[in-house]
Amino acid sequence: MKASGISTCYRNVLPFTNSSLSFKFRSDSAFSFIHHSNFVNKRNFSKFSRSIVSATMEASFKAEEARVPAALPLPTPPVTKFKIALCQLSVTSDKERNIAHAKQAIEDAAGKGAQLILLPEIWNSPYSNDSFPVYAEDIDAGGDASPSTRMLSEVSRSLKITIIGGSLPERIGDKLYNTCCVFGTDGKLMAKHRKIHLFDIDIPGKMTFKESKTLTAGARPTIVDTEVGRIGIGICYDIRFQELAAIYAARGAHLLCYPGAFNMTTGPLHWELLQRARAADCQLYVATCSPARDSGSSYVAWGHSTLVGPFGEVLVTTEHEETTLIAEIDYSVIEQRRTYLPFQKQRRGDLYQLVDVDRLNSAGAN
């Protein structure tokens, strides 16, 4: 029997409908091949047929249609390996002290080889609705109107590093936002992410907080191409929403960064769980950074800043004290993990879709 019998089998395995499969084989050639050939035994044929079924089923799933617009390929990053620093800072009511303290932590981390620095959520102010209006800055005006971002700009330029500047209260006219600023190695502001999902929860006897009393929700996802790769930004509560992470993954992100300040109620239950879930969902790196815990403050942070790898594995984490974690990110692992577990290619575009409204409405947007 000639090897062409294999192609005969391939041609005659046909999908019947989206919900079922029907298989036809040419009885003379295909089954004669199975019966007589010493090359194919029952086990090999079983594996062979399963691979055909799998390939046929995947083809009918229309994975490329599960993301609208279609998912972008993972871009080649400027660097493959680099060090990231997660600066878990103590935060006080002294704004000048908070800024100087953050600057020192950034300089120390850069001195240890970190090329990307991640700061916590609301690191220049106490985390409270009373404090947000008092500590808010006009980021667009810059200079004396925004001493926190002025420091971030100066230190990123002088040290030639990329900074994901945690978040701080931002004032725009009569509105306040919880805003993360990204600075490049030239000190220029590359992006601003305004917290999309406001932290409004009420767990009787445990935790009640409503950011919406003072803050306005952001309106757009934020993804930015930096000198250490393409990064999607979220702030704290944003991490609960898988759709946002999925949008970033479909836009070709290598890394998701979430400055956050989970509390003593939801932190033990969900902080690590959500980080690992987002990393496993998207097969990307996920980095988080919390303020250090201050048991005497009105809002007590859980801490536990963490870096998670693209298989959902915790690479490095800490407890609740002030500290700086430094770890290596290796982007080559992303493609490796996606090869091991190729579910990105197995999505059921025939059953469901994720629509990136912002990208769909913005011609040429990534």
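Given the structure is predicted, the values throughout are model-derived calculations rather than measurements.

Novice: Outline the overall build of the chain, listing residues and values.
Specialist: The helix and strand inventory of the chain stands at ten helices and 19 strands. Total accessible area on the chain is roughly 17200 Å²; 52% of this is exposed by carbon and sulfur atoms.

Novice: Can you tell me about helix 6 (residues 147–159), naming the residues and giving the values?
Specialist: Under the 1.5 Å per step criterion, the end-to-end length of helix 6 is 18 Å for 13 residues, consistent within 8% with the ideal 18 Å. If you check which residues of helix 6 are buried, you get Ser 148, Thr 149, Met 151, Leu 152, Ser 153, Val 155 and Ser 156. On the buried face of helix 6, the contacting elements are helix 4 (95–111), strand 6 (162–164), strand 7 (168–172) and strand 8 (175–183).

Novice: Requested: an account of unusual backbone geometry, with residues and values cited.
Specialist: Backbone torsion omega between Val 68 and Pro 69 reads -10°, so that peptide bond is classified as cis. Relative to the elements of secondary structure, Pro 69 occurs in the loop between strand 3 (67–68) and strand 4 (81–88).

Novice: If you had to explain the pattern of salt bridges to someone new, which residues and values would you point to?
Specialist: Using the criterion set out here, one finds 16 salt bridges in the structure. One salt bridge in this structure joins Lys 192 and Glu 170, with 2.6 Å as the shortest N-O distance. Taken together, the positions of Lys 192 in strand 9 (residues 189–194) and Glu 170 in strand 7 put the pair 22 residues apart, joining distant regions of the chain. With a relative accessible area of 23%, Lys 192 lands in the partly exposed category. For Glu 170, a relative accessible area of 0% translates into the label buried. One network of salt bridges, in which partners are shared, links Asp 140, Glu 170, Lys 192 and Arg 194.

Novice: Break down a nonpolar patch on the surface for me, citing the residues and quoting the values.
Specialist: Together, Phe 311, Tyr 340 and Leu 341 make up a nonpolar patch on the protein surface, roughly 320 Å² of accessible area in all. You can see Leu 341 is positioned in the loop between helix 9 (332–340) and strand 19 (354–355). Here Leu 341 falls in the partly exposed class, since its relative accessible area comes to 41%.

Novice: Help me get a handle on the side chain of Asp 356, residues and values and all.
Specialist: Structurally, Asp 356 is set in the loop between strand 19 and helix 10 (357–361). Within polar-contact distance, the side chain of Asp 356 engages the backbone nitrogen of Arg 359 at 3.1 Å. Apart from the residues lying within four places of it in its own chain, the contact partners of Asp 356 are Val 68, Pro 69, Ile 247 and Arg 251.

Novice: Quick one: what's the story with the sheet that holds strand 16 (residues 306–308), residue by residue and with numbers?
Specialist: As summarised here, the arrangement of the six strands in space is 12-13-14-15-16-17, forming an open sheet in which the pairing is mixed. At either end of the open sheet lies a strand with only one pairing partner, and these are strand 12 (222–226) and strand 17 (314–317). Between one strand axis and the next, the sheet turns by 20° as a mean value, whatever way the strands run. The strands that helix 7 (residues 242–250) touches are strand 12, strand 13 (229–233) and strand 14 (255–259); relative to strand 14, the one it contacts most, it runs at about 145°.

Novice: Tell me about the confidence of the model for the chain, and name the residues and values.
Specialist: Put simply, the chain has an average pLDDT of 88, and 83% of its residues get 70 or more. Here residues 1–40 is a poorly scored stretch, pLDDT under 50, and it has 43 contacts once near neighbours within four places are set aside; other chains count.

Novice: Mind laying out the pairing of strand 14, listing which residues take part and the relevant values?
Specialist: The buried fraction of strand 14 is high, at five of five residues. Side chains of strand 14 alternate between two faces, with Leu 255, Cys 257 and Pro 259 and Leu 256 and Tyr 258 buried alike. Two elements, strand 13 and strand 14, share three bridges in a ladder whose sense is parallel. Across the sheet, residue Ile 233 finds its bridge partner in strand 14, namely Cys 257. For the handedness criterion, the β-α-β arrangement of strand 13, helix 7 and strand 14 is classed as right-handed.

Novice: Let's hear about the packing of helix 4 against helix 6: which residues, and what values?
Specialist: The description of two packed helices rests on the angle between their axes and on the distance between the axes. Contact geometry of helix 4 with helix 6 gives a least axis separation of 10 Å together with a crossing angle of 20°. Considered as vectors, helix 4 and helix 6 are oriented roughly parallel to each other. Judged by the sense of rotation from one axis to the other, the crossing of helix 4 with helix 6 is right-handed. Together, Lys 95, Ile 99, Ala 102, Lys 103, Ile 106, Glu 107 and Ala 110 of helix 4 and Pro 147, Ser 148, Met 151, Leu 152, Val 155 and Leu 159 of helix 6 make up the contact between the two elements.

What counts, and at which threshold
Throughout this document, residue positions are counted from 1 along each chain, in the order its sequence is written. With pLDDT at 70 or above as the cut-off, local features in this predicted model cover only qualifying residues; side-chain atom pairs require 80 or more to be listed or tallied, and sums for whole chains, interfaces and linings still use all residues. To get the side-chain values, take all heavy atoms of the structure and skip hydrogens and water. Under the scheme used here, helices are H or I runs from DSSP no shorter than 4 residues and strands are E runs no shorter than 2 residues, and both carry numbers assigned from the N terminus. Every accessible area reported is derived by Shrake-Rupley at a probe size of 1.4 Å, with residue values counting cover from the shown protein chains alone. By this rule the span expected of a helix is its residue count minus one, scaled by 1.5 Å. The rule is simple: take the accessible area with a 1.4 Å probe, protein chains only, and divide by the maximum for that residue type; under 20% is buried, over 50% is exposed, in between is partly exposed. By the convention used here, residues are in contact when the closest approach between their heavy atoms is within 4.5 Å. Salt bridges are counted wherever a side-chain nitrogen of Lys or Arg sits within 4 Å of a carboxyl oxygen of Asp or Glu. Patches here are clusters of residues that have more than 30% relative accessible area and form no salt bridge, with a 9 Å joining cutoff for like charges and a 5 Å cutoff for nonpolar side chains (Val, Leu, Ile, Met, Phe, Trp, Tyr). Two N or O atoms count as a polar contact when they lie within 3.5 Å, although within protein this holds only if one can serve as hydrogen donor and the other as acceptor, and sequence-adjacent residues are included solely when both atoms are side-chain atoms. Criterion used throughout: strands pair if DSSP finds at least two bridges between them. Where helices are involved, their axes are fitted lines through C-alpha atoms of the stretch in contact, as for all axes, and angles between N-to-C directions lie from 0 to 180°. Each residue carries a pLDDT score, the predictor's confidence in it, ranging from 0 to 100. Orient the strands so they point away from the viewer, and a crossover whose first-strand-to-second-strand path over the helix runs clockwise is right-handed. For classification purposes, angles smaller than 35 degrees are called roughly parallel, those larger than 145 roughly antiparallel, those between 65 and 115 roughly perpendicular, and all remaining angles oblique. Definitions for this section: a left-handed crossing has its near helix turned counterclockwise from the far helix by less than a right angle. A right-handed crossing has that turn clockwise.

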